[in-house]
Structures are given as C-alpha cells and as structure tokens.
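# Report on the structure
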Amino acid sequence: MSDDLLPGWSDQFVETPGGARIRARRAGSGPPLLLMHGNPQSHVIWHRMAPELVKHFDCVAIDLRGYGDSTGPGDLSLPYYDAADYTFRAMAQDAVAVMAHFGHARFNVCGHDRGGRVTHRMGLDHPDAVIRAAIMDILPQRHVYANITKDWAMKSWHWVFMPQEEGLPERMMESVPADWFMARKIGKKGMGMSIFDPRAVAEYVRCFTPKTIRASCADYRACATLDLAMDNADYESGKRLACPVHVLWGRLSHTQAVFDNVLPVWADYVTGPLSGRAVRSGHYLAEHAPEEVLAEILPFFQG
C-alpha cells in the first residue's frame, strides 16, 4: 500500500450512490482541493507535490472508480465491464459524493489525464460544486476525436486499442506481466521510467489487476462513445466551463507534440477565466516537474 508515499494522510473507502467504492486519502487544512489521477495510475501520482499542498489545502486524493484500490460495477466472470458504468459523468458523480462525505459542497479540483477529463465533465455537470479547475495535459476528447492524425494515432495507440469490443484488449492486457505493460505504457519515448519513484511504480503495478484493466478499458470505450455523445450535445447547446480554468501541459508530451499550443483549443470550451502554459516535462507533470506545477497551481487556487 502507499502509506510511505503519503505519510500522515488518512485512508478510507467511501461508498457512492453510483455503486462504486472509492479509496480516498486526506490531509492538510485550508480550502478543499480534490486531486484526481489518470490512466493507468492511482492517487499516488501526487506524492511529490503532497508535502507542499497540505500546507495550503484540505487535500483529498482519490482513486477513480475501477482504478487503484477503488472498485465500480462489474463482474470478473465476464470478459469486460459495461462502458456505461465508467463514463466521466459517473466518475464525476463519485468524486462529488466523496467530497460531500468530507463536508465539502464546493471545492477546487486538479485533474491529470483521465482525472482532467473527469474535471471537465464535473465542471459541466456540477458547476455549483467546482470553484476552480486545474486540468493537466489533455484536450477535450471532442477535439481529439475530430482531429485524428497518423502522428496522434502512433503516439496515443491505447486510445484506439483499449476501446475495442468483446474483451479483446482486456484479454491481451491481462496476458502479459503487469510490470512489462506498465513500463511500455508510462515509459514514454524520450522520457523512460527514471522520472518515477520506484515505490510509485510498484503501486501502479500492484493495482494493475484484471479489475483495473477491465475498468480502464470500459473507461476508454465510454470515452469513444457515450462521453463523446455527451460532449457533442453540450457543445452544440452552448454549454461551457464557467469556472476559472488553468491548463498545464508538458513541452515534451504527446499533447504538445501533436497539438502544439493547447490554450486556443480550450478557449472554445471555457467561458470563465482561462489561463495556462507548457511546463518543462513530459506527460506526467506531477511526477516529472512537481515544483514547476506547484508554482502554477498554488497561486491559481489561492485566487
């Protein structure tokens, strides 16, 4: 377990109305701040930023439904989970329920990768809950799917592999050693594995079980279908993020490599104050460039 990476953080599970059991870690005092990770990781991505964050905020770091030690609906006797149970809408509802459990009806949110997509959906579905939102190294999936190129497909191969149906990606991912797959998934070209704390990698590997594999494939399957339909409907109706939004991305990430400056894209999805920039990192900003990320998000969340 991850106690040595987040010493002093409380550890509990919260049952949500949507049928998930969410692992939540909490520490610090001050304004509430929800922290959400991406694929295929867990809440421990924040361990390098945690000592500074808890000086300023009441921090809650969760494992998204199905990821890490959290669970969601699904029967392991079947080859795959239902994508409808792993939409960003469902994950956002889980997160809102967890924060309500801790007494927070309104809170700040920081999300990386899939957690950034949950943050985006939360801001649309629960605008009264989100005070400020920091979104790290993503673009709206509506924009991504509308601008697919060969370069994007080669760098983001899992986006077209994991949504495949009838248990194909699940069987293939479950058939290889977890540490082998993890190194190929998060050891991005030009970055490698040296940017990660070995204890964090061990946590990601420990949690890369059939449960997590099936949940993450359901997540990507939902993103390409149900989530995309929700996003299209919201965009066409004029629904946008109204809260202040700060976007960060890595200069060496696939986001930068494929889409260059992402702020003009986000400007079409945000009506509230929008800010952000590239930082000196790859995709995994919180682990690769924690001090630079802190220098960006601390003043943003402090208003």
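See the structure printed just above.
As a starting point, this report considers the structure included with it. Per chain, residue numbering runs from 1 following the sequence as it is written. Totals for whole chains, interfaces and linings use every residue, but because this is a predicted model, local features are given only for residues with pLDDT of at least 70 and side-chain atom pairs only at 80 or more, for both listing and counting. In computing side-chain properties, one takes all heavy atoms of the structure into account and sets aside hydrogens as well as water.

### Brief notes about the overall build of the protein chain
Here is the rule: By the criteria applied, helices consist of DSSP H or I runs no shorter than four residues and strands consist of E runs no shorter than two, each listed in order from the N terminus. Here the radius of gyration uses the C-alpha set of atoms, whereas the globule reference equals 2.2 Å times the residue count to the power 0.38. Think of it in three bands: residues with accessible area under 20% of the maximum for their type are buried, residues over 50% are exposed, and the middle band is partly exposed, with areas taken using a 1.4 Å probe on protein chains only. What makes two residues a contact is simply this: any of their non-hydrogen atoms within 4.5 Å. The accessible surface values rely on the Shrake-Rupley method and a 1.4 Å probe; as for residues, cover is taken only from the protein chains in view.
Assigned secondary structure in the protein chain consists of 14 helices and 8 strands. Computed over its C-alpha atoms, the radius of gyration of the protein chain comes to 18 Å, within 12% of the 19 Å expected for a compact globule of 303 residues. Taken across its 303 residues, the protein chain has 59% of its residues classed as buried. In the protein chain, the share of contacts with a sequence separation of at least 24, taken over all contacts with a separation of at least 6, comes to 78%. Here the protein chain displays about 11600 Å² of accessible surface, and carbon together with sulfur accounts for 54% of that area.

### Regarding the environment of E203
Note the threshold: Under this definition, polar contacts are N or O atom pairs within 3.5 Å; protein pairs additionally need one hydrogen-donor-capable and one acceptor-capable atom, and for neighbouring residues in sequence, both atoms have to be side-chain atoms.
Here E203 lies in helix α9 (residues 198–206). In this structure E203 comes out as buried when scored by relative accessible area, which is 5%. Sequence spacing of E203 and G68 is 135 residues, and the spatial spacing of their C-alpha atoms is 8.2 Å. Side-chain polar atoms of E203 contact the side chain of R206, separated by 2.9 Å.

### Comments concerning the layout of surface pockets
In this approach, a probe sized like a water molecule rolls over the atoms, and the result shows the empty space that is left. In plain terms, the rule: Computed over the protein atoms alone on a 1 Å grid, cavities are sets of points where a 1.4 Å probe fits but cannot get out and pockets are open sets with protein on both sides within 12 Å along at least five of seven lines; a residue lines them when it has an atom within 4 Å of a point. Grid points are joined across faces, edges and corners, and a volume is the space filled by probe spheres set on the points. Residues are sorted three ways: Asp, Glu, Lys and Arg are charged, Ala, Val, Leu, Ile, Met, Phe, Trp, Tyr, Cys and Pro are nonpolar, and all the rest, Gly among them, are polar.
Of the volumes computed, that of the largest pocket is approximately 300 Å³. Around the largest pocket, the lining comprises 15 residues; the ones closest to its centre are K155, K188, K189, L252 and H254. Listed by contribution, the elements that provide at least two residues to the lining of the largest pocket are α5 (150–155), α8 (178–186) and α11 (254–259). Its residues assigned to classes, the lining of the largest pocket shows 5 nonpolar, 5 polar and 5 charged.

### Examining α9
To be explicit about the condition: Taken from the helix axis, the directions to the C-beta atoms give the arc we talk about.
Buried within α9 are the following residues: A200, V201, E203 and Y204. For α9, the angular spread of the buried residues around the axis is 155 degrees, confining them to a single face. The secondary structure elements touched by the buried residues of α9 are β2 (21–27), α8 and α13 (285–288). Where α9 begins, one side-chain oxygen reaches toward the backbone nitrogen of R199, 2.8 Å away; that side chain belongs to D197.

### Some details on the sheet that holds strand β4 (residues 58–62)
Just so we agree on the cut-off: By the convention used here, strands pair only if DSSP detects at least 2 bridges between them. Axis geometry follows a simple rule: fit a line to the C-alpha atoms, using only the stretch in contact for helices, then measure angles between N-to-C directions, giving values from 0 to 180 degrees.
Strand order in the open sheet formed by 8 strands is β1-β2-β4-β3-β5-β6-β7-β8, and the pairing between neighbours is mixed. The outermost strands of the open sheet, each flanked by one partner alone, are β1 (10–15) and β8 (274–279). Looking at each pair of strands side by side, their axes are set apart by 20 degrees on average, direction ignored. The sheet contact formed by strand β6 (residues 130–136) and strand β7 (residues 245–250) spans 4 bridges and is parallel. Looking at β7, one finds that I135 is bridged to V247. Across the sheet, helix α2 (residues 88–101) touches β1, β2, β3 (32–36), β4 and β5 (107–112), and the angle it forms with β3 is around 145 degrees. Across the sheet, helix α14 (residues 290–301) is in contact with β3, β5, β6, β7 and β8; its angle to β6 comes to roughly 165 degrees.

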